[in-house]
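Survey of secondary and tertiary structure
Below are the chains, spelled out letter by letter.
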Amino acid sequence: MRRTDPEGRGPVRYGPPLPDQGLPVLPELRAELAAAADRADAALFGGGPALLDAARGYWTRRGLPTAADRVALAPGAPALLLALTGALGGDVLAPRPCAAWWAPQARLLGRSVFHVATPAECGGVPDPYALLETLRRVRAEGGDPRLLVLSVADDPTATVAPPELVHEAVEAAAGEGLHIVSDETWRDTLHRPHGTVLLSPAEMRPDDVTVLTDLAGAFLPQGWPAAVARFPAGEAGADLRSRVLDVLTAVGARVAEPVAAAAAHALEEPAAVTERLTAAAGLHARVAGAAHQVVTAAGAVARPPQAGRHLYVDLGPLRSTLAAHGVGDAQDLEDFLGARLGMPAPGGHRFGDDLAALRVRLDTGPLLGGTDEERTESLTSPEPLELPHVRGALTRLGSAFDDLRDDAR
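Residues numbered from 1 in each chain as written. Predicted model: local features only at pLDDT ≥ 70, side-chain atom pairs only at ≥ 80, totals over all residues. Heavy atoms only, no water.

**What to know about the pattern of salt bridges**
Quick reminder of the rule: Here, a salt bridge means any side-chain nitrogen of Lys or Arg that lies within 4 Å of a carboxyl oxygen of Asp or Glu. What counts as a helix is a DSSP run of H or I of at least four residues, what counts as a strand is a run of E of at least two, and both are numbered from the N terminus. Relative accessibility decides the category of a residue: with a 1.4 Å probe and only protein chains considered, values under 20% of the type maximum give buried, values over 50% give exposed, and everything between is partly exposed.
Tallied over the full model, the rule gives 20 salt bridges. Between Glu 171 and Arg 205 there is a salt bridge; the shortest N-O distance is 3.2 Å. One end of the pair, Glu 171, is in helix 6 (residues 163–175); the other, Arg 205, is in the loop between helix 7 (201–204) and strand 6 (209–214), and 34 residues separate them in sequence. For Glu 171, a relative accessible area of 31% corresponds to the partly exposed category. Glu 334 serves as the salt-bridge partner of Arg 350, at 2.9 Å between the closest nitrogen and oxygen. Of this pair, Arg 350 sits in the loop between helix 12 (330–341) and strand 10 (359–363) while Glu 334 sits in helix 12, placing them 16 residues apart in sequence. Summarising the burial analysis for this pair, Arg 350 and Glu 334 share the class buried. Linked by salt bridges that have partners in common, Arg 61, Arg 62, Asp 188 and Glu 269 make up one network.

**Comments concerning the sheet that holds strand 6**
Put simply, the rule is: DSSP bridges decide pairing: two strands pair if at least two such bridges lie between them. Every axis in this analysis is a line fitted to C-alpha atoms, fitted for helices over the stretch in contact. Angles between the N-to-C directions lie between 0 and 180 degrees.
The strand order across the open sheet built from 7 strands is 1-7-6-5-4-2-3, with neighbouring strands paired in mixed fashion. Strands at the two margins of the open sheet, each flanked by one partner only, are strand 1 (71–74) and strand 3 (113–117). Across the sheet, the mean angle from the axis of one strand to that of its neighbour is 25°, orientation sign disregarded. Pairing analysis gives 4 bridges linking strand 6 to strand 7 (residues 227–230), with the strands arranged antiparallel.

**A few points about the pairing of strand 6**
With 6 of 6 residues buried, strand 6 is to be regarded as a mostly interior element. Here strand 6 shows two buried faces, one formed by Val 209, Val 211 and Thr 213 and the other by Thr 210, Leu 212 and Asp 214. Where strand 5 (residues 179–183) meets strand 6, 4 bridges bridge the pair, whose relative direction is parallel. Note that in strand 6 the partner of Ser 182 across the bridge is Val 211.

**Comments concerning helix 8 (residues 234–250)**
For the record, the criterion: Expected helix span is computed as 1.5 Å times (number of residues minus one). Here, the arc refers to the directions that run from the helix axis to the C-beta atoms. Contacts: residue pairs with any heavy atoms within 4.5 Å of one another.
In this model helix 8 runs 25 Å from its N-terminal to its C-terminal C-alpha over 17 residues, within 8% of the 24 Å that 1.5 Å per residue would give. Of all the residues in helix 8, the buried ones are Gly 237, Leu 240, Arg 241, Val 244, Leu 245 and Leu 248. An end-on view of helix 8 places all buried positions within 140° of arc, on one side of the element. The exposed residues of helix 8 that point more than 90 degrees off its buried face are Glu 235, Ala 236, Asp 246 and Ala 250. As for helix 8, its buried residues are in contact with helix 2 (49–60), strand 1, helix 3 (77–88), strand 5 and strand 6. One or two positions beyond helix 8, positive phi appears at Gly 252, with a value near 70°.

This is how it looks when you write it as structure tokens:
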């Protein structure tokens, strides 16, 4: 089966980063970081006792009982996935599209990455029948798939996989002997937390699943890289964690002590942190919903966003109009929309999607304002969509897409 090498288009092959929060840093987290700034000792590889205990409590509160010796900390989820891939060996399977940082980790180790189609209703989790067929073909051609990476709350599609689909996909993967890595970076950013059921694969197959959470998803600024992994219980989980720590140590992937202190405080979820998390998720939900209305009214296609700070837009219905502007593939579309919108619009090829497909991820952070004062006002306003800076940003977004719709007509 053909190896899915990255396309050589664009100034940077890998990326983009996670969608930014677009909000000022929470004062309580700034205080924690500052209080630890004078610590001269180096943080432990994999995290110190306070951080590991905080992560244990975080997952236990989410229905995943966890021992502190089954947790590891690293400077960002890519470092953890790199270590996991190195420890497990073999080739990697991932849904198409998938988070931009998944495939590069495997390719840096010389491993092949094979993408699997997702069902119509969501991204992040492969269609179970397509998964089994892909496994059959890869193995028939000499491949050695050992790892499936998936995401129940997804980047880039901003969807949440239905529990029944998660169950079928995880059972199919485990039945074929795959270890499953569940990227749950966005699980705490649900737009309707009381109306959306999120099922972690670790709840189903605790012995076959490692959970990753990049704290830049809900808790920390991107400039403070920190992520945690939850390993399976039992001897196999302990051995996997040890091998991951070996890799993290070998590459010097240690979190700075002030960032580790802020991460531990965030994972303990005091009132200020949970209030900010709830307010930020609600704000991005409203802005993402408004942006979804704008792009679909212009004739583009996008699944309604359910989590995160982004939406994934297919401009295929406007292909003929875009061709008149010199847009023939996702890289052209990224350049065209980025210039027209004045904000990043990474093409679907960054996420393992087909280069020929006209898809982009649009982030909602840039729509919240251009200054900390405007962003704070967006966060605290009861009607953020009525604020002049938010309304203006949505109007500019609408104008760009409306022009394409009018050209098509």
